Amino acid sequence: MITEINSDALFFATALQHAPIGMALTSPTGKWLRANRSLCDILGYSEEELMNCTFQDITHPDDIKKSLEEFQQIVEGKACTLQVKKRYVHKDGHTIWVLVHASRVVIDDSGAAYFIAQIQDLTERKKAEELLHHSDKLSLAGQLAAGIAHEIRNPLTAIRGFLQLMKTEGVKPNYFEIVFSEFQRIELILAELLILAKPHETRMQRKDIVHLLRYIVTLMGSQALMSNVLIRFTSDLRTLYVLCDENQMKQVFINILKNAIDAMPDGGEARIEIQASEKEVQIVVIDHGCGIPPDKLMQIGQPFFTSKKQGTGLGMMMSFKIIENHGGSIHIESVVKQGTTVKVLLPIAC
Ligand SMILES: Nc1ncnc2c1ncn2[C@@H]1O[C@H](COP(=O)(O)OP(=O)(O)O)[C@@H](O)[C@H]1O
Ligand SMILES: [Mg+2]
């Protein structure tokens, strides 16, 4: 049975019948009152079948709680419109990703409220995104493989050369030093790469980021002083929690600070500032070092991009990856000979 709705609402319903995207009229309880052809095609149900259920009934089980909470916001008038990405379950059982845009409409003097939902099928777009993400990963793996081969071959060639020399000329103490330092370089590259190879070991926990940064400042303080760099940390916040893998987060800030120290071979000051908005925390690391030329700025984060003799060019790639996996982002601004500002944005944990 098709539920009775008033004549004005019926006019709306007729107007949406031929819309090229999925459209529906629902009641405050989520009951479908009308659904157009496009929506029926997306969901696999006839209009009659939809009328006998609510949107909750066909929402993916993992999205029901969130969907209801969000819908309640417009039912109670706390929000006028709502835009969400969510999943429905198609009549044949497969999952459909959709973008729902819902708004509350009071159609006549009686004050009866209806909800108009525009529902766009995102399944194809999602598939394309996943494919892109996958090929991104593949090309990163390809770039890495080529880079690793190249980076490790150099120290290996040196080691082989010196072993050959030891064989023909006998052992000299500095040969050992060179061989050791080449081994150390291979170990350094492998250590950074191993972290990348173990994403499944990520352990997300609620951690105080202010405390974590203080720890990093203490840890890096003496190393910085050896290069005549003073690290200053200012924070108006006493505590602030983010959901993170503590070790990975430490690794990001150690790397950013190390880069800041490296950028100031004649010494100077590196400053860390932390600011929070309602949902996000911004951690800024500022140095007054050599800066980065604009054409090089684009290359930061690419595997093995380094301007340093002893650099691995892996630190920023790791940092970008880690922060991205934490739902955040990194932004770098730089002026040659004036310095660099690295901003790390992260979501705040509730
Ligand atoms: N604060 C900074 N100041 C100047 N250059 C920087 C800074 N941070 C990063 N860079 C540039 O980015 C490159 C890549 O950094 P990174 O990935 O950490 O590798 P590495 O430090 O081993 O070179 C550095 O070699 C340097 O050229
Ligand atoms: Mg580095």
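Going along each chain's sequence as written, the residues are numbered from 1 onward. Each chain is given a letter, starting from A, and each ligand a number, starting from 1, according to the order in which they appear as written. A pLDDT threshold of at least 70 governs which residues receive local features in this predicted model, and a stricter bar of 80 or more applies before side-chain atom pairs are shown or counted, although totals over entire chains, interfaces and linings include all residues. Think of the side-chain values as coming from all heavy atoms in the structure, minus any hydrogens and water.

The protein has the name histidine kinase in an unreviewed UniProt entry, where Paenibacillus chartarius is given as its organism. UniProt positions are given in the numbering used here, feature names are shortened, and annotations may be inferred rather than shown by experiment. The UniProt entry for the protein carries the following comment under Catalytic activity (unreviewed entry): "ATP + protein L-histidine = ADP + protein N-phospho-L-histidine."

### Some details on the overall build of the protein
Labels follow the DSSP assignment, with helices taken as runs of H or I lasting at least four residues and strands as runs of E lasting at least two, numbered in each case from the N terminus. Per the secondary structure count, the protein includes 11 helices and 12 strands. Within the protein, buried positions represent 41% of all 350 residues. Throughout, a residue-residue contact means that at least one pair of heavy atoms, one from each residue, lies within 4.5 Å. In the protein, the proportion of contacts linking residues at least 24 apart, taken out of those at least 6 apart, comes to 60%. To be clear on the numbers: accessible area is Shrake-Rupley with a 1.4 Å probe, and residue cover counts the displayed protein chains and nothing else. With an accessible surface of roughly 20100 Å², the protein has 56% of that area assigned to carbon and sulfur atoms. Think of it in three bands: residues with accessible area under 20% of the maximum for their type are buried, residues over 50% are exposed, and the middle band is partly exposed, with areas taken using a 1.4 Å probe on protein chains only.

### Examining helix α11 (residues 315-325)
Helical periodicity: at 3.6 residues per turn, an α-helix aligns residues three or four positions apart in one direction. Looking only at α11, the buried set comprises G315, M316, M317, M318, S319, I322 and I323. G327 sits one or two positions beyond α11 and adopts a positive phi of about 75°.

### Observations concerning the coordination of the magnesium ion (ligand 2)
Note on the magnesium ion (ligand 2): its protein donors are N255 (OD1) and N259 (OD1). The metal-donor distances range over 2.3 to 2.7 Å. Taken together, the residues N255 and N259, both in helix α9 (residues 246-262) and four residues apart, mark about one turn of the helix. Take N255: its relative accessible area is 15%, and that puts it in the buried class. Here the term donor refers to an N, O or S atom within 2.8 Å of the metal (or 3.2 Å for Na, K and Ca), and because water is left out of the atoms, sites may appear incomplete.

### Considerations on the sheet that holds strand β10 (residues 280-287)
Across the sheet, which stays open at both edges, the five strands sit in the order β7-β9-β10-β12-β11 with mixed pairing between neighbours. Strand pairing shows two members of the sheet lacking a second neighbour, β7 (229-235) and β11 (329-335), which therefore form its edges. Neighbour-to-neighbour, the strand axes of the sheet open up by a mean angle of 15°, direction not taken into account. The sheet contact formed by strand β9 (residues 268-276) and β10 spans seven bridges and is antiparallel. Looking at β10, one finds that E273 is bridged to V284. Packing of helix α8 (residues 209-226) onto the sheet brings it into contact with β7, β9, β10 and β12 (339-347), and relative to β7 it is tilted by some 165°. Axis definition: a line fitted to C-alpha atoms, over the contacting stretch in the case of helices. Angles run 0 to 180 degrees between N-to-C directions. Against the sheet, α9 touches β7, β9, β10 and β12, its axis set at about 25° to β10. Strands pair, by our definition, only if DSSP identifies at least two bridges between them.

### Some remarks on the nonpolar core
In terms of nonpolar packing, the biggest core is built from 44 residues, with I209, F253, I272 and I283 touching the most fellow members. Looking at this core, the element that brings in the most residues is α8, giving eight residues. Residue contacts for I283: discarding those within four places in its chain leaves I209, L213, F253, I272, E273, I274, V342, K343, V344 and L346. Of all hydrophobic cores here, the second largest spans 26 residues; its members include C40, I58, I96 and V98. Residues enter a nonpolar core if they are buried and are Ala, Val, Leu, Ile, Met, Phe, Trp, Tyr or Cys, with the set joined through side-chain atoms within 4.5 Å.

### Things to note about the site of ligand 1
One heavy atom within 4 Å of a molecule or strand makes the whole residue count as near it. With respect to spatial proximity, 20 residues lie near ligand 1, and among them T306, S307, K308, T312 and M316 are the closest. Think of a polar contact as two N or O atoms within 3.5 Å of one another; within protein, one of them needs to be a possible hydrogen donor and the other a possible acceptor, and neighboring residues in sequence only count if both atoms come from side chains. Here D287 contributes a side-chain N or O atom positioned 2.8 Å from a nitrogen atom of ligand 1. One of the backbone N or O atoms of G315 is found 3.4 Å from an oxygen atom in ligand 1. Protein chains bury 92% of the 530 Å² of accessible surface belonging to ligand 1 in isolation. Where the shell around ligand 1 is concerned, the elements lending two or more residues are α9 and α11. With three residues, the top contributor of residues to the shell around ligand 1 is α9. Residue polarity is assigned by list, with Asp, Glu, Lys and Arg as charged and Ala, Val, Leu, Ile, Met, Phe, Trp, Tyr, Cys and Pro as nonpolar; anything else, Gly included, falls into the polar class. Residues of the shell around ligand 1, tallied by class, amount to eight nonpolar, 10 polar and two charged.

### A closer look at the packing of α9 against α11
Between α9 and α11, whose axes approach to 9 Å, the crossing angle comes to 140°. With respect to each other, α9 and α11 are oriented oblique. For α9 against α11, the interelement crossing comes out left-handed. For the pair α9 and α11, the contacting residues are Q248, M249, Q251, V252, N255, I256 and N259 in the first and G315, M316, M318, S319, I322 and I323 in the second. Of the residues assigned to the contact of α9 with α11, the class counts are seven nonpolar, six polar and no charged. The labels follow the angle: roughly parallel below 35 degrees, roughly antiparallel above 145, roughly perpendicular from 65 to 115, and oblique for the rest. Crossing chirality is assigned from the near helix's rotation relative to the far helix, an anticlockwise turn below a right angle marking it left-handed and a clockwise turn marking it right-handed.

### Topic: unusual backbone geometry
The phi torsion of most residues other than glycine is negative, and most of the peptide bonds are trans. The phi torsion at N228 lies on the positive side, around 60°, for a residue other than glycine. Despite not being glycine, F304 has its phi angle at roughly 70°, a positive value. Along the chain, F304 turns up in the loop between α10 (294-297) and α11. On the basis of relative accessible area, F304 is assigned to the buried category, the value being 13%.

### Here's the deal with the packing of aromatic side chains
Between 30 and 60 degrees the pair is tilted, below 30 it is stacked and above 60 it is edge-to-face, where a pair is any two Phe, Tyr or Trp rings, Trp via its six-membered ring, whose centres lie within 6.5 Å. Applying the stated criterion to the full structure yields four aromatic pairs. Taking the centre distance of 5.1 Å and the plane angle of 65° together, the rings of F71 and F115 count as edge-to-face. Note that F71 is positioned in helix α5 (residues 64-75) and F115 in strand β5 (residues 113-121), a separation of 44 residues in sequence. Grouping aromatic residues by their ring pairs yields a cluster made of F55, F71 and F115. A ring has a charge above it when a Lys NZ or an Arg CZ is no more than 6 Å from the ring centre and no more than 35 degrees off the ring normal. Seen from the ring of Y241, R206 lies directly overhead, with NZ or CZ sitting 4.4 Å from the centre. A cation over a ring is seen here: K250 above Y215, with NZ or CZ 4.2 Å from the ring centre.

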